[in-house]
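Structural overview for review
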Amino acid sequence: MDKIQLIDTLPNVFVNRDDVVSDIWNKEVSFERGKLYLVEANSGTGKSSLCSYIYGYRHDYQGRILFDGEDVRLYSTSRWTDIRQKRFSLLWQELRIFPELTALENVNIKNKLTGYQKKTQILEWFEMLGIADKLDAKMGRMSFGQQQRVALIRALCQPFDFLFVDEPISHLDDANSDIMGRIMAAEAKRQGAGIISTSIGKHIELPYDQVFNL
Amino acid sequence: MNLVWKLLRQHISIPQFVGFFFANLVGVVIILLGVQFYHDFQALDKEDSFMKASYLIVNKKISAFSTLTGAQQTFSKSDVADLKNEDFVERVGAFTPSSFNVRARFDVQGFVNFSTEMFFESVPDDFVDVASEAWNYQEGSTQIPIILPKNYLDLYNFGYAQGKGLPKLSEGILGAMKLKVQIAGNGEVGDFDGRIVGFSSRLNTILVPEKFMQWANLKYASSENTKEPTRLIMEVNNPADERITAYLQDHDYETDKEKLDASKTTFILRVIVSIVMVIGAVISILSFYILMLSVFLLVQKNSTKLENLLLIGYSPAKVSFPYQTLTVGLNVLVFILAVVIMCVARNYYIGMFESFFPDYTVPDILPALGVGLALLLIVSIFNIMAVYGKVMSIWKRKD
């Protein structure tokens, strides 16, 4: 997939508000594959909503969202499943990891589905992000910052055209943020994918092609 | 799939599933046993293949009074016509008695030598359920097909043979043996070979084909043999019909009451088996309800996990699979165990059937297997769809 277009998109909850000033809502915006985008936002401006609309698990918006010119409202269940396995990867703000499983199992549950990354690569990322000693630790017992790093590794265990990261470094120090940024950028570059990153303050330092204010 | 199962088995309530398992097992066993018992019981009844259950034999009551006064024991033409007019009667046939002397000798080399005076009767051939080739008499032939009352065999086996230390005979062995028949009357004597085509527990007479009877009555009997029949055979719609009993009472007729009772027994048995099966079905349905509730509860408790799996790219089918396998697996287990229990329970009553009726051929268990498999299939398909439906509702909940 090469292009995501938002045409006059607006969350239903904002419909009756006339004070919506945004670079994205109620505008015509497009995200292209291979480019890096930063979406800056204050809380409550619909940052997570944006991710969920594009990722196809919420449809409470008006306007249109097009993938390569095709309206996503027409997508079937199997089409969305296919997109989530091969086209988009999303690092949720709330992570959506499984606390009952260990760190490595959380990554594997995705990688077994896609069969995309080699085990050596996964272990290397654990190493780089400084959580190699947590491989077999239960996710539920780890700090949120550690969980964020595991969630990133999981997000990279699939082919994608676009990588969405929703406040990926909210609980990370600068050093770890830098490492995360480098890993993400390298993997996106290797796959020729675009990155759409959101933040409410602190953001990953990347050579962004475009910055939006939500 | 292993990791997914590790995730989704959380919150599985073993007591709930054990509860379902045993409740459903009880229900299915009752249903299967009901089906099979009815089938096995009907096989008992089939023993008498010569007379359908809907046939009744009617005669006039013989009382001390009628014997003294010499009142007519025979059915007149108007009696028959009147009977034919009744709604519950399909058709009526008359018994034709032999008007000549019959002597029969049974010769089994060495050990049985049996000779007796006897008689023949015939009914219209279409009342006899024997393949027409077997129940056919060619004029001039010395072969006569014969149907004997089952009582005769029982008398021999349990009375005579027992007392004399002779071997017991089965229907099969007797059927292969010849009965030497000598017919005399009207100054003529004829020798015939009786071929026993079967035994009837319903007909208390020695039956030969009507064609033979007509021929023999002409040849061996004295001229006036247009006797009125003393017994009638009739086919009725429903042997349990109250009007039959009433009609017979009104006209002072008797019937092979035992048969009426027997058909009532069959009818009552069918009702009882149906009731028992309905109870089994209710138990099964309730247990199925427990299973569905447990699964729905499980899905509810694990809804976050299910949702996250869907969001990281698992298809609804893949996410449903573990719970579908769980329920279908339980169903299969119940089915297998139910069939085993049914077979064990069946052995008890089959043994009883066999000791009472030596000629009982044990039917197969296909009816129970069929019903069991059908239940398994229906319930499993329903489970699979219900689980998928629940997962899809999680998929769509974000709408």
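These remarks concern the structure in this document. (Residues numbered from 1 in each chain as written. Chains lettered and ligands numbered in written order. Predicted model: local features only at pLDDT ≥ 70, side-chain atom pairs only at ≥ 80, totals over all residues.)

Here's the deal with the overall build of chain A
Check the secondary structure of chain A and you find six helices and nine strands. Against the globule reference of 17 Å for 214 residues, chain A gives a C-alpha radius of gyration of 17 Å, in line with a compact fold. Across its three principal axes, chain A shows a C-alpha extent of roughly 50 × 35 × 30 Å. The buried share among the 214 residues of chain A stands at 43%. For chain A, the share of sequence-separated contacts (at least 6 apart) that also reach a separation of at least 24 residues comes to 80%. (Helix = DSSP H or I, 4+ residues; strand = E, 2+ residues; numbered from the N terminus. Rg over C-alpha atoms; globule rule 2.2 N^0.38 Å. Buried ≥ 20, exposed ≤ 12 C-beta atoms within 10 Å, placed from the backbone. Contact = placed C-beta atoms within 7 Å.)

Considering the sheet that holds strand 5 (residues 70-71) of chain A
All names here are of chain A. One open sheet holds the four strands; their spatial order is 2-1-4-5, and the pairing between them is antiparallel. What marks the edges here is a single partner per strand, and that holds for strand 2 (28-32) and strand 5. With two bridges joining them, strand 4 (residues 61-67) and strand 5 adopt antiparallel strand pairing. By the bridge assignment, Leu-66 is partnered in strand 5 with Asp-71. (Pairing = 2+ DSSP bridges.)

Describing the interface of chain A and chain B
If you look at the interface, chain A gives 19 residues, while chain B gives 16 residues. Elements with a minimum of two residues in the side of chain A that touches chain B: helix 2 (77-86) and helix 3 (103-114) of chain A. The element that contributes the greatest number of residues to the side of chain A that touches chain B is helix 3 of chain A, accounting for six residues. In the side of chain A that touches chain B, the residues fall into five nonpolar, seven polar and seven charged. (Nonpolar A, V, L, I, M, F, W, Y, C, P; charged D, E, K, R; others polar.)

A few points about the sheet that holds strand 10 (residues 231-236) of chain B
Residues and elements named next belong to chain B. With antiparallel pairing, the four strands of this open sheet are ordered in space as 2-10-1-11. Strands with a single pairing partner mark the edges of an open sheet, and in this sheet they are strand 2 (89-94) and strand 11 (253-255). Ignoring strand direction, the axes of neighbouring strands in this sheet form an average angle of 30 degrees. Packing of helix 4 (residues 77-84) onto the sheet brings it into contact with strand 2 and strand 10, and relative to strand 2 it is tilted by some 160 degrees. (Axes fitted to C-alpha atoms, helices over the stretch in contact; angles between N-to-C directions.)

A few points about the packing of helix 10 (residues 303-311) of chain B against helix 12 (residues 366-396) of chain B
Residues and elements named next belong to chain B. Closest axis-to-axis distance for the helix 10/helix 12 pair is 10 Å, and the angle between their directions is 70 degrees. As judged from the angle between their axes, helix 10 and helix 12 are roughly perpendicular. Counting all contacts with helix 10, which are made through Ser-303, Leu-306, Glu-307 and Leu-310, the residues of helix 12 involved are Val-391, Ile-394 and Trp-395. Residue classes in the contact of helix 10 with helix 12 are distributed as five nonpolar, one polar and one charged. (Parallel < 35°, antiparallel > 145°, perpendicular 65-115°, else oblique.)

Things to note about helix 10 of chain B
Of the residues making up helix 10 of chain B, those classed as buried are Lys305(B), Leu306(B), Asn308(B), Leu309(B) and Leu310(B). Two residues or fewer past helix 10 of chain B, Gly313(B) is found with a positive phi of approximately 115 degrees.

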